[in-house]
Amino acid sequence: MTANTRRRRPELAAFLRSRRARVTPADVGMAPGLRRRTPGLRREEVAQLSGVGVTWYTWLEQGRPINASVQVLDAIARTLRLDRAEREHLYHLAEVPYVPNREGEPRTVGPEVRGIIEALDPLPAVVYNARYDVLTANAAYDGLFPAMLLSPAPERNALWQLFVAHRCCAPYVNLDEELPLLVATLRGGYGRHVGEPAWERFITRLLEASDDFARLWRSGDVAPQGSRIKVVWHASVGEIRLTSTSMLVSGAPETRVVVYTPCDEESRDHVRRVRTLHDPLIGCPVHAKPLSVMRAEQAAAKETVPAAERAPAVDTAPAVERAAGSGAESSDPASL
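In this text, all values refer to a predicted model and were calculated from it rather than measured experimentally.

Definitions and limits used
Residues numbered from 1 in each chain as written. Predicted model: local features only at pLDDT ≥ 70, side-chain atom pairs only at ≥ 80, totals over all residues. Heavy atoms only, no water. Helix = DSSP H or I, 4+ residues; strand = E, 2+ residues; numbered from the N terminus. Buried < 20%, exposed > 50% of the residue type's maximum accessible area, 1.4 Å probe, protein only. Contact = heavy atoms within 4.5 Å. Areas by Shrake-Rupley, 256 points an atom, 1.4 Å probe, with all protein chains shown as cover. Pairing = 2+ DSSP bridges. Axes fitted to C-alpha atoms, helices over the stretch in contact; angles between N-to-C directions. pLDDT = per-residue confidence, 0-100. Core = buried A, V, L, I, M, F, W, Y, C linked by side-chain atoms within 4.5 Å. Salt bridge = Lys/Arg side-chain N within 4 Å of Asp/Glu carboxyl O.

### Some thoughts on the overall build of the protein chain
Scanning the protein chain for helices and strands turns up 13 helices and seven strands. When burial is assessed residue by residue, the protein chain has 44% of its 336 residues classed as buried. A separation of at least 24 residues holds for 59% of the contacts in the protein chain among residues at least 6 apart in sequence. As displayed, the protein chain has an accessible area near 17200 Å², and 54% of this comes from carbon and sulfur atoms.

As structure tokens, then:
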């Protein structure tokens, strides 16, 4: 037994005893019985409800050097009614890699986080999860990436937008640098979700929709999240150089706030300007059209395609909660 393990085992024992004392027989549907001297469950009751041997659980609670599997710890956590933080603490003390319960993962961000995102305006800011689904964004982000406003809710995903749209109309100038890093970061998140249906469907659809994504995915590269330089082409104002900074959201696993800070004064002016555009241009210099025109074309196309023949949307998390930004200034894109 290592020195680290020797320090953890007494903590594990004390933690299990304190959690056991907190749960009453009534909490788990058991009769209290007679001659009960403990305020909570007995050791043998925890073992029975968790489907483990009484001796084994007793040794675990005594801090003896025994190994616990993920399945056993999950069962004990359910019996002791542990919340997310307590469950993670149990895993760490038992020296077992912690894997959050994805079914209980928050699928939206709370009002506090949305308030922070709005307060960061005029800096563009967005909340992504590990799959790059856009959970919420402020008006400056909408102004910077107006094509996202055209997408139906399930397709408001940064990777889907980059790889499925025409390459020449992608918003990043430095695509050869940006795309490999994005895919490598996605693979890092995927490693924690292998086999999960939503993730597998998302990866499969990207592989089928984009040869570029398939090529980069086959490389097997993995990269961490971090601060990066992004060069964005905005059809209404031109090139914008930005530094992206990623910050984790407390209480929302694998969810992060990304803030885009202009690298120079010209970029800062461009960000301020796109924040106020009423009808921005979308696309590359060759194919750019006003947002209003593209929305009209989109609506007309939907009317001509029978519902049964429309392609299914990519399976992602819920979309941007604040649909679009608006500003005081209204600009005519043709004059820009």
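That covers the picture; the talk isn't over yet.
### Describing the sheet that holds strand 1 (residues 125-128)
As a general point, the strands of a sheet are linked pairwise by backbone hydrogen bonds and lie either parallel or antiparallel. Strand order in this open sheet of five strands is 2-1-5-4-3, and the pairing throughout is antiparallel. Every interior strand has two partners, whereas the edge strands, strand 2 (134-137) and strand 3 (228-234), have only one. Going from strand to strand, the sheet's axes swing by 30 degrees on average, the running direction of each strand aside. Taken together, the seven bridges between strand 4 (residues 238-248) and strand 5 (residues 256-262) define a ladder with antiparallel strand orientation. When the bridges of strand 5 are listed, Leu-248 appears paired with Arg-256. Sheet strands in contact with helix 6 (residues 111-120) are strand 1, strand 2 and strand 5, and its direction is about 150 degrees off that of strand 1.

### Some remarks on the pairing of strand 3
Burial runs high along strand 3: five of the seven residues are buried. With seven bridges connecting them, strand 3 and strand 4 associate as antiparallel partners. The partner of Ile-229 across the bridge, within strand 4, is Thr-243. Between strand 3 and strand 4, which pair antiparallel one after the other, the connecting turn spans three residues.

### Here we look at the confidence of the model for the protein chain
Mean pLDDT for the protein chain: 82, with 84% of residues reaching 70 or above. Per-residue pLDDT, averaged within each element of the protein chain, yields its smallest value for helix 1 (residues 3-22) (84) and its largest for strand 5 (96). Ignoring residues within four places in sequence, the model shows residues 316-336, a span with pLDDT below 50, making 60 contacts including any to other chains.

### Brief notes about the environment of Met-148
By secondary structure assignment, the location of Met-148 is in the loop between helix 7 (139-144) and helix 8 (158-164). The exposure class assigned to Met-148 is buried, which follows from its relative accessible area of 7%. For the pair Met-148 and Val-134, spaced 14 residues apart in sequence, the C-alpha to C-alpha distance is 9.3 Å. If near-sequence neighbours (up to four positions away) are discounted, Met-148 is found in contact with Val-134, Tyr-141, Arg-156, Asn-157, Ala-158 and Gln-161.

### Some points on the nonpolar core
Nonpolar side chains tend toward joint burial in soluble globular proteins. Core analysis: the biggest nonpolar cluster contains 39 residues, and Tyr-128, Tyr-141, Phe-163 and Tyr-260 have the highest contact counts within it. Per element, the largest residue contribution to this core is six residues, and it comes from helix 9 (residues 175-190). Setting aside anything within four residues of it in sequence, one finds Tyr-260 in contact with Leu-123, Pro-124, Val-126, Tyr-128, Tyr-141, Phe-145, Tyr-172, Lys-230, Leu-242, Thr-243 and Ser-244.

### Some words on the pattern of salt bridges
Tallying each qualifying case throughout the model produces 14 salt bridges. Arg-8 is paired through a salt bridge with Glu-95; the nearest N and O atoms lie 4.0 Å apart. Separated by 87 residues along the polypeptide, Arg-8 in helix 1 and Glu-95 in the loop between helix 5 (84-93) and helix 6 bring together distant segments of the chain. Residue class for Arg-8 comes out partly exposed when judged on its relative accessible area of 26%. Glu-95 sits in the partly exposed class, given a relative accessible area of 37%.

### Thoughts on unusual backbone geometry
That bond from Asp-121 to Pro-122 is cis: its omega, 20 degrees, falls within 30 degrees of zero. The residue Pro-122 is located in the loop between helix 6 and strand 1 in this model. Non-glycine residue Arg-81 carries a positive phi angle of around 55 degrees. On the secondary structure map, Arg-81 appears in the loop between helix 4 (70-79) and helix 5. Unusually for a residue other than glycine, Tyr-132 sits at a positive phi of about 70 degrees. Inspection of the secondary structure assignment puts Tyr-132 in the loop between strand 1 and strand 2.

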